[in-house]
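Structure assessment
Each chain, letter by letter, is given below.
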Amino acid sequence: MIYKDMEEIMETENNMPESKNFIEQIIDKDLVEGRFDHVQTRFPPEPNGYLHIGHAKSILLNYGLAQKYNGKFNMRFDDTNPIKEKEEFVSSILEDIRWLGADWEDRLFFASNYFEEMYEAAVKLIQKGKAYVCDLSPEEIREYRGTLTEPGKNSPYRDRSVEENLKLFENMKNGIYQDGEKVLRAKIDMSSPNINMRDPIIYRVAHMSHHNTGDQWCIYPMYDFAHPIEDAIEGVTHSICTLEFEDHRPLYDWVVNELEYPNPPRQIEFAKLYMTNVITGKRYIKQLVEDGIVDGWDDPRLVSIAALRRRGFTPESIKMFVELCGISKSQSSVDYAMLEYCIREDLKAKKPRLMAVLDPIKVIIDNYPEEQVEWFDVVNNVECPQLGSRKVPFCREIYIDREDFMEEPPKKYFRLFPGNEVRLMNAYFVKCVDYKKDENGNVVEIHCTYDPETRSGSGFTGRKVKGTIHWVSARHGVKAQIRLYENIVDEEKGKLNEDGSLNLNPNSLTVLPNAYIEPNIENVEPEDKFQFVRQGYFCADMRDYTKEAPVFNRIVSLKSSFTLPK
């Protein structure tokens, strides 16, 4: 069975008993058994790039759980690595999360604000004999760690005394050592089958300025050490993360237990959101930006949240997409067409429709009075009567799309060609009587006649035509730039070449500089969205749109290859 539309889907779901995902089932059990008496979640991005569609799933999951259980939601930056972090990324992340609708109220936190507590936590581990300063080089540490089939071996510095370790760690803090000269390691088990438990590094020396703490610190905690401490300090109950952290959970639990936090948080892992033929890796996107292949992290060909917003996707469409993907432990990939389906479903019944000619060719209606202008009353969206109607001007010279005319058409071509009659949408029947070409053989002008008896809405029933085409008044139309986007990677050949480089689609962006839109856009603002009749859904570019030089991005075409199974 294929659902007809989202209304049918929602009606079906409303009549079904509530189904809870595995995370909600765990939370319910924790509350019933008294492990926690409330729910508190967090979204903890590292500010080393822009968020992408996969992060949207995590944001909406964590925020949604807090809402569902009347709990608290923390927005926290895991800013423990100054090498890659920037204030630009902090600002963009906050903007993206606000746009998606997640509200952290006054619960905005930074891991870097806990650096003092983390330092004291490391001292506590040293005092308990659970951490030591190691002088091995990074290469030696990797060599000593062992493999998946062979146990590691102890560092020669593992049995330093508590007093010596405390002094060395203090010296690390005071900047006495160079980067990489010494690290602080947890003392756990070098023979553990889980490599993450083989005396992991928990602090390293890094003489770098931090975006939040400046030059206050020259040692920084590692993520696996810092993250559980942050959760425990903030009172997070359920630390929800993606599956790659499943093998890190024993270390997470070891940290909070050894540091003796009351009511330690519980880590739960779920499957990441993978999409076909899109680029989410920060390294790849950074390269595309630096090489000028895209015009920034918000280029509409990308799937960063900022890029999706700029292209014209809505928070509602992304929420719908995340809900359709579901929450599970099984890794799988989702077709980009599903995301396109969601934006179509969101926009089709709530946005006005306009006529726009993307590749214009002029039509002259020879028997129409030269100075006459008529204004047709046109419904903005037949599926949404409350959007009302608009006045569309019609005159002797109009533009139609070049693809709506052919000199020698094939069979079943019902649009305009010599001798054929079509309906101009919301206007009259016109018949092609002649056309002109330029010196290169391109058709530049079409001549037609119209039948005044066929005016739209007049009730004319004298004859029928098979083709209806849209148009824009040449005298009144607004010139605009249209940007058509396709996947930035080649869908047929796959995302990567054999050498690991990106297999880019050379036709991922088409710019049409001479489009014409009916004049009902005088009050349009950046990010406003429309359906251009027969063309697709479009958005006024949030960065480049001006009233003097309108720029519209195609969000998605009208046709979909995706169907939603039961």
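When helices and strands are tallied, the chain shows 13 helices and 27 strands. Here the chain has a C-alpha radius of gyration of 31 Å; the compact-globule value for 566 residues is 24 Å, and the former is much larger. Overall, the C-alpha framework of the chain stretches about 100 × 55 × 45 Å when taken along its three principal axes. Considering only residue pairs separated by 6 or more positions, the chain has 71% of its internal contacts joining residues 24 or more positions apart. With an accessible surface of roughly 26800 Å², the chain has 46% of that area assigned to carbon and sulfur atoms. Taking the 73 positively charged and 95 negatively charged side chains of the chain as two groups, their mean positions are separated by 3 Å.

Attention now moves to the packing of aromatic side chains. Tallying each qualifying case throughout the model produces 27 aromatic pairs. On the basis of an interplanar angle of 80° and a centroid distance of 5.9 Å, the ring pair of Tyr50 and Phe89 is categorised as edge-to-face. With a gap of 39 residues between them, Tyr50 in the loop between strand S1 (40-43) and helix H3 (53-68) and Phe89 in helix H4 (residues 87-100) connect regions that are remote in the sequence. Comparing Tyr50 with Phe89 shows no difference in burial state: the two are buried. Following the ring pairs from residue to residue traces out a cluster consisting of Phe115, Tyr119, Phe169, Tyr203, Trp217, Tyr220 and Phe225. Positioned above the aromatic ring of Tyr177, the side-chain terminus of Lys182 is 4.9 Å from the ring centre. If you follow Arg283 out to its NZ or CZ, it ends over the ring of Tyr284, 4.5 Å from the centre.

This part takes up the nonpolar core. Counting 43 residues, the largest nonpolar core has Ile53, Ile59, Met75, Ile97, Ile318, Phe321 and Ile555 as its most contacted members. Among the elements that make up this core, the one with the highest residue count is helix H13 (residues 336-347) (7 residues). Discounting residues that sit within four places of it in the chain, Met75 has contacts with Phe43, Pro45, Ile93, Leu94, Ile97, Trp104, Arg107, Leu108 and Phe109. Membership of the second largest hydrophobic core comes to 33 residues, among which are Tyr114, Ala186, Tyr203 and Leu259.

Looking at chain direction, strand S23 (residues 478-485) and strand S24 (residues 509-517) are connected through 7 bridges and run antiparallel. Among the inter-strand pairings, Tyr485 is bridged to a residue of S24, identified as Leu509.

Time to look at the pattern of salt bridges. Under the definition given, this model contains 50 salt bridges. Measuring nitrogen to oxygen at the nearest pair gives 2.9 Å for the salt bridge that ties Glu234 to Arg76. Residue Glu234 is found in helix H8 (residues 223-234), and its partner Arg76 is found in strand S2 (residues 72-77); the two are separated by 158 residues along the sequence. Each member of the pair Glu234 and Arg76 is classed as buried.

Right, let's get into the sheet that holds strand S5 (residues 183-186). Taken together, the 4 strands give an open sheet; going across it, the order is S4-S5-S6-S7, and neighbouring strands pair in antiparallel fashion. Only two strands of the sheet have a single partner each, and these edge strands are strand S4 (131-134) and strand S7 (219-221). Strand-to-strand, the axes of this sheet are offset by a mean angle of 20°, without reference to chain direction. Those strands touched by helix H7 (residues 162-173) are S4, S5, strand S6 (201-205) and S7, and its axis lies near 60° from that of S4.

The rules behind these values
- Residues numbered from 1 in each chain as written.
- Predicted model: local features only at pLDDT ≥ 70, side-chain atom pairs only at ≥ 80, totals over all residues.
- Heavy atoms only, no water.
- Helix = DSSP H or I, 4+ residues; strand = E, 2+ residues; numbered from the N terminus.
- Rg over C-alpha atoms; globule rule 2.2 N^0.38 Å.
- Contact = heavy atoms within 4.5 Å.
- Areas by Shrake-Rupley, 256 points an atom, 1.4 Å probe, with all protein chains shown as cover.
- Lys, Arg positive; Asp, Glu negative; His and termini not counted.
- Charge placed at Lys NZ, Arg CZ, Asp CG, Glu CD.
- Phe/Tyr/Trp six-rings, centres within 6.5 Å; stacked < 30°, edge-to-face > 60°.
- Buried < 20%, exposed > 50% of the residue type's maximum accessible area, 1.4 Å probe, protein only.
- Lys NZ or Arg CZ within 6 Å of the ring centre and 35° of its normal.
- Core = buried A, V, L, I, M, F, W, Y, C linked by side-chain atoms within 4.5 Å.
- Pairing = 2+ DSSP bridges.
- Salt bridge = Lys/Arg side-chain N within 4 Å of Asp/Glu carboxyl O.
- Axes fitted to C-alpha atoms, helices over the stretch in contact; angles between N-to-C directions.

It is worth stressing that arrangement in space is one thing and function is another; only the former is reported here.
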